[in-house]
Amino acid sequence: MFGRQLERRKQERKLAQLQELNKKKDEFLDIASHELRTPLAHIKGAIELVLGGKTGPITIAQRKKLRAILKNANQGVRLADNLLNLSCIVHKRTDLTLEIHDIGELIDEVIQGFEDEQKINEGHLRLSFPSERIDLEIKLDKPKAEQVLWNIIGNAIKFTKTGTITVLAKATKTCIKVQVIDTGRGISKNEQSKIFDQYYKVPEALGGRVDGTGIGLNIAKEFVELHSGKIWVESEKGKGATFTFTIPKI
């Protein structure tokens, strides 16, 4: 009897220690994300001023270098945003601020942000949004919707060496439907069941080392579902992938 009580107390202490460690990890994630994003945002803003000619003329070589720096700064900001969003999801601080926005304009803004991607600059990859811009206004949380688009399109770019990425958007009677269609390496049926899991990364065996944190698609799923929407993927290995999400009209 005494032995069982002692063992139970040991387990309770271990559980309490694990809970405390988990709490500290979440606090660190929150603080580190803020500390990372702030200087990167300042760097990004300063580079954009120089590229915009606000500080005087620059050479072609300088412009090329600055655009490369801006690309890395943008990647850092997106990573920090994902970490902040993950922290909000973990702590259940993900309220929506709904306003009417044109989702076509949001897609244009996000696509413009990917213009400095090397594969796109060098002509190996074409990113386009050929949809007709008809009735695409809907109530949504703009920063969260932008993050969904950033993460899904960024994922398509990561896994598509050459070819095309096409973004489509259309309105139905009940929702706005957005699709990101790539000609990349595709996703096996087994991987499709895990692709939206938190921290899940495609195994290296599917095509070499894979960069990233494994949280982008999970955050996209969380934010789509927060809008009462749905997200899914259709793919065959070696034949590209189509990510689709819907946001209902309310």
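Structure shown above.
The written sequence of each chain sets the order in which its residues are numbered from 1. Per-residue local features of the predicted model are confined to residues with pLDDT of at least 70, and side-chain atom pairs are confined, for both listing and counting, to 80 or more; whole-chain, interface and lining totals are unaffected and use all residues. In computing side-chain values, all of the structure's heavy atoms are included and hydrogens and water are not.

Draft legend 1. Focus on empty space enclosed by the protein. A cavity here means a set of 1 Å grid points, computed over protein atoms only, where a 1.4 Å probe fits but cannot escape. A pocket is an open set with protein on both sides within 12 Å along at least 5 of 7 lines, and lining residues have an atom within 4 Å of a point. Grid points are joined across faces, edges and corners, and a volume is the space filled by probe spheres set on the points. Under the defined criterion, the tally for this structure stands at three cavities of 30 Å³ or more. One number sums up the size of the largest cavity: a volume of about 120 Å³. Taken together, 14 residues make up the lining of the largest cavity; nearest its centre are Asn-155, Phe-159, Arg-185, Gly-186 and Ile-187. In this structure, the second largest cavity spans a volume of roughly 40 Å³. As for the second largest cavity, its lining consists of Lys-71, Asn-74, Arg-78, Gly-113, Phe-114, Asp-116 and Glu-117. Elements are defined by DSSP. Helices are runs of H or I of four residues or more, strands are runs of E of two residues or more, and each kind is numbered from the N terminus. Among the elements that make up the lining of the second largest cavity, the one with the highest residue count is helix H2 (residues 60-90) (three residues).

Draft legend 2. Local environment of unusual backbone geometry. Notably, Asp-135 is not glycine yet its phi reads approximately 55°, a positive angle. By the secondary structure assignment, Asp-135 is in the loop between strand E2 (125-128) and strand E3 (137-140). In this structure, Ser-228 is a non-glycine residue whose phi angle is positive, near 65°. Structurally, the position occupied by Ser-228 is in the loop between helix H7 (216-226) and strand E6 (230-235).

Draft legend 3. How the structure looks around the layout of surface pockets. Of the voids in this model, the second largest pocket is the one considered here, and its volume is about 630 Å³. Lining the second largest pocket are 26 residues, and of these Lys-44, Asn-74, Val-77, Arg-78 and Trp-150 lie nearest its centre. Ranked by residues supplied to the lining of the second largest pocket, first place goes to H2 with nine residues. Of the residues contributing to the lining of the second largest pocket, the split by class is eight nonpolar, six polar and twelve charged. Under the scheme applied, nonpolar residues are Ala, Val, Leu, Ile, Met, Phe, Trp, Tyr, Cys and Pro; charged residues are Asp, Glu, Lys and Arg; polar residues are all the others, including Gly.

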